[in-house]
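# A structural walkthrough
Here is how the chains run, residue by residue.
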Amino acid sequence: MGKEFSPFIPEYLKKNRIEKFIPEWIQGSESLASSLSKSVFFEDRPLLLKGGNCIIPFKGIFPFDIKIQDGKIHSIGENLSDKEAFVLELKGKLIAPGIIDPHVHLGIFKDFDVEIVTETKSALLNGVTTLGLYIGGEEPYLKRLDDIIGKIEKGAFCDIFLHLVIFNQKQMEEIPIYYSRYGIKSFKAYMCGIPGLIPEVEDDFLIQLMETVAGLGNDAVLNIHAENYRLVNMATKKLKLAKPLSYSLEEWERSHPGFAEAEAIQRASFLSMQSGARIYFVHLSCKESVDVAKELRRRHKNLYFETTSPYLTLDIRQDTDPLYKMVPPVRKKEDQDVLWNGLAENIIDSIGSDHTPMSTDEKKTGLSLWEITPGYPAVGTHLPSLLDGAWKHEFPITTLIEKMSASPAKIFGLYSQKGTLLPGTDADLVIIDPILEKVVTPRIAASRSDYCLHQGKKLRGWPVAVVKSGKILTPESFEQVKTFLKGRYLRRS
Ligand SMILES: [Zn+2]
């Protein structure tokens, strides 16, 4: 984005907030298949979405039409018409800004070139149109960024912005160049690594990193995986000594205690006050962290908090499959409820997935609990699992969509190009049927992974079509449309 774009907001867009999942006047579910003619995918005619209910972040839900032209939202309002346009009737459907998943990892267990194709397909078919992608490794990134961006522009179906994980002094020194040359404004530090995969950094390194990021300006942000690794190690050692070991995910959960997460959030927030750096805490998983975040937000305006769809929808007492081993671990139902409350009370700003594609083989579920690789595919189930979760928690869909689109867009410098439905912005949209029920399968999730979270469960609320840069597609039409879809690298400056 070369320039800051401020959209025109019409007078009639007064707030139209809701208290429940969806308002009563939204109902009915007709299949879209018949109205989606093949020709629309190939033509440059405007697209007119009629009769749907538009979720406009921070405003509410409105029964508006939307006209899309040249990859942008041309207009939104009542009774729009255009004789040239391809018209799509969307009665009973919701239209939301394309989902932004700010937390995705690719290229860890399989080549980046492969996953940039397969996983952006999984995202797009399930309503996610923009990804915040973490790039890691101990090599300086200057040698690699042209190649990575080239691969994104060649293979991705979604738009992508980058977060660079900073492990060492050399990478830290290069940060101002990552920022000025590549428009990268977010970086990441691990206060607790993953043994054998990711090393952690100490507080002295962390505070220098905060100073470096703060020095870039107040549009830069440091993302932090906050857990106290010494407390995690201590809890792990203690558990391994206990006999007999249960090798259950509940045991795994106790090896990463909630207080270790909360302590690290508190410490990093305190350190950040020395530099004024903006900090974005990734994947809050538990009650202790939400409690601490609530306190910290009162005093400190530069802090942002993320949770993920798995922590909002999985429960350690029911979801016991070793395929669900992750860091931090799946917690209890009580933690899940506190996280939903945290979203409602604006303690939590954004929702990611922490998608890390891997197969059952790569997960090594045949090994003992302690040897199984943490991580899971989730971008394909991100939106459906949260629609179902919001319905079960009576959580307003307007707020859910804000936390999944406009809010991460603002934090990471993409708003309002992304994250809204206002005229002049990118035409990335998701069309949702809020009452459609389907059983989750890896085929629907459409990742290269041979399993997915929630597989076998029936979820309520599904994306039924997606508009990406003005092109409309469904899972059925993807193969025909895909040559017209070009993911872009989002340079943020
Ligand atoms: Zn992650």
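Residues numbered from 1 in each chain as written. Predicted model: local features only at pLDDT ≥ 70, side-chain atom pairs only at ≥ 80, totals over all residues. Heavy atoms only, no water.

## Here's the deal with the overall build of the protein
Across its full length, the protein carries 16 helices and 18 strands. Every one of the 493 residues in the protein was classed for burial, and the buried ones make up 62%. Of the contacts formed within the protein by residues at least 6 apart in sequence, a portion of 78% connects residues at least 24 apart. As displayed, the protein offers around 19200 Å² of accessible surface, 52% of which is attributable to carbon and sulfur atoms. (Helix = DSSP H or I, 4+ residues; strand = E, 2+ residues; numbered from the N terminus. Buried < 20%, exposed > 50% of the residue type's maximum accessible area, 1.4 Å probe, protein only. Contact = heavy atoms within 4.5 Å. Areas by Shrake-Rupley, 256 points an atom, 1.4 Å probe, with all protein chains shown as cover.)

## Points about the coordination of the zinc ion
Reference geometry at the metal: tetrahedral coordination by four donors gives ideal angles of 109.5 degrees; octahedral coordination by six donors gives 90 or 180 degrees. Coordination sphere of the zinc ion, protein contribution only: H103 (NE2), H105 (NE2) and D354 (OD), at 2.0 to 2.2 Å. As a motif over one chain, the donors of the zinc ion read H-x1-H-x248-D. Of this pair, H105 sits in strand β8 (residues 99–105) while D354 sits in the loop between β15 (350–352) and α11 (360–363), placing them 249 residues apart in sequence. Considered together, H105 and D354 belong to a single accessibility category, that of buried residues. (Donors = N, O, S within 2.8 Å, 3.2 Å for Na, K, Ca; no water.)

## Comments concerning the sheet that holds strand β11 (residues 186–190)
Spatially, the eight strands line up as an open sheet ordered β8-β9-β10-β11-β12-β13-β14-β15, and their pairing is parallel. The outermost strands of the open sheet, each flanked by one partner alone, are β8 and β15. Strand-to-strand twist across the sheet, computed as the mean angle between neighbouring axes with direction ignored, equals 30 degrees. With three bridges joining them, strand β14 (residues 303–308) and β15 adopt parallel strand pairing. Of the residues in β15, the one forming a bridge with T307 is I351. Along the sheet, helix α4 (residues 203–216) makes contact with β11, β12 (221–225) and β13 (279–284), crossing β12 at roughly 150 degrees. Each of β12, β13 and β14 is contacted by helix α7 (residues 258–273), which is oriented at about 175 degrees to β13, the strand it contacts most. (Pairing = 2+ DSSP bridges. Axes fitted to C-alpha atoms, helices over the stretch in contact; angles between N-to-C directions.)

## Points about helix α8 (residues 287–299)
Side chains that are three or four residues apart share a direction in an α-helix, a result of its 3.6 residues per turn. Of all the residues in α8, the buried ones are S289, V290, V292, A293 and L296. Taken around the axis of α8, the buried residues stretch over an arc of 165 degrees, which confines them to a single face. Those residues of α8 that are buried lie in contact with α7, β13, β14 and α10 (333–344). (Arc of directions from axis to C-beta.)

## Observations regarding the packing of aromatic side chains
For any pair of aromatic rings, geometry is given as the distance between the ring centres together with the angle between the planes. Considering all chains together, one arrives at ten aromatic pairs under this definition. Here the aromatic rings of Y280 and F412 are separated by 4.7 Å at their centres, their planes lie at 65 degrees, and the arrangement is edge-to-face. Of this pair, Y280 sits in strand β13 while F412 sits in the loop between α14 (406–411) and β16 (429–439), and the two are 132 residues apart along the sequence. Sitting over the face of the ring of Y134, K188 holds its NZ or CZ atom 4.3 Å from the ring centroid. Over the ring of W462 we find K438, and its NZ or CZ is 4.6 Å from the ring centre. (Phe/Tyr/Trp six-rings, centres within 6.5 Å; stacked < 30°, edge-to-face > 60°. Lys NZ or Arg CZ within 6 Å of the ring centre and 35° of its normal.)

## Some remarks on the pattern of salt bridges
Evaluation of the coordinates by the stated rule reveals 34 salt bridges. K418 is the salt-bridge partner of D159, the closest N and O atoms lying 2.6 Å from each other. Within this pair, whereas D159 is found in strand β10 (residues 159–165), its partner K418 is found in the loop between α14 and β16, the two being separated by 259 residues in sequence. Taking the relative accessible area as the measure of exposure, K418 reaches 2% and is therefore buried. Note that K418 is salt-bridged to D428, the shortest N-O span being 2.7 Å. With K418 in the loop between α14 and β16 and D428 in the loop between α14 and β16, this residue pair connects regions lying ten residues apart in the sequence. Both residues of the pair, K418 and D428, belong to the buried class. Residues participating in the shared-partner salt-bridge network are K72, D159, K418, D426, D428, K468 and R488. (Salt bridge = Lys/Arg side-chain N within 4 Å of Asp/Glu carboxyl O.)

## Focus: the domain arrangement of the protein
Examined at the domain level, the protein breaks down into domain 1 (19–95 + 428–434 + 442–447 + 455–484) and domain 2 (98–415). Between the C-alpha centres of domain 1 and domain 2 the distance comes to 29 Å. Taken together, the contact pairs 35 residues of domain 1 with 41 residues of domain 2. Here domain 1 and domain 2 share an interface that buries about 3000 Å² over both sides, 69% of which is from carbon and sulfur atoms. When residues of domain 1 are sorted by the area they lose upon contact with domain 2, F21, F58 and R460 head the list and together hold 22% of the total. At the junction of domain 1 and domain 2, the tally comes to two salt bridges. The residue D319 makes a salt bridge to K457 at a minimum N-O spacing of 2.8 Å. There are ten residue pairs in polar contact (both at pLDDT 80 or more) connecting domain 1 and domain 2. Contributions of two or more residues to the side of domain 1 that touches domain 2 are made by β3 (60–62), β16, α15 (442–445), β17 (458–468) and α16 (478–481). With nine residues, the single largest contributor to the side of domain 1 that touches domain 2 is β17. Taken together, the residues of the side of domain 1 that touches domain 2 sort by class into 21 nonpolar, five polar and nine charged. (Domains from an automatic or database assignment. Buried area = accessible area lost by both parts, 1.4 Å probe. Polar contact = N/O pair within 3.5 Å; in protein donor to acceptor, adjacent residues only side chain to side chain. Nonpolar A, V, L, I, M, F, W, Y, C, P; charged D, E, K, R; others polar.)

## Details of unusual backbone geometry
Residue P328 is bonded to the preceding V327 through a cis peptide linkage, with omega at -15 degrees. Residue placement: P328 occurs in the loop between α9 (309–313) and α10. With a phi close to 30 degrees, H283 is a non-glycine residue in the positive phi region. Mapped onto the elements, H283 comes out in strand β13. Despite not being glycine, N346 has its phi angle at roughly 60 degrees, a positive value. Examined against the element boundaries, N346 turns out to sit in the loop between α10 and β15.

## Structural notes on the packing of helix α12 (residues 382–392) against helix α13 (residues 397–404)
The geometry of α12 relative to α13 is characterised by a closest axis approach of 10 Å and an angle of 150 degrees between their N-to-C directions. Of the possible angle classes, the one that applies to α12 and α13 is roughly antiparallel. For the pair α12 and α13, the sense of crossing is right-handed. In contact with H382, L383, L386, L387 and A390 of α12, α13 contributes I397, L400 and M404. (Parallel < 35°, antiparallel > 145°, perpendicular 65-115°, else oblique. Left-handed = near helix turned anticlockwise from the far one by under 90°.)

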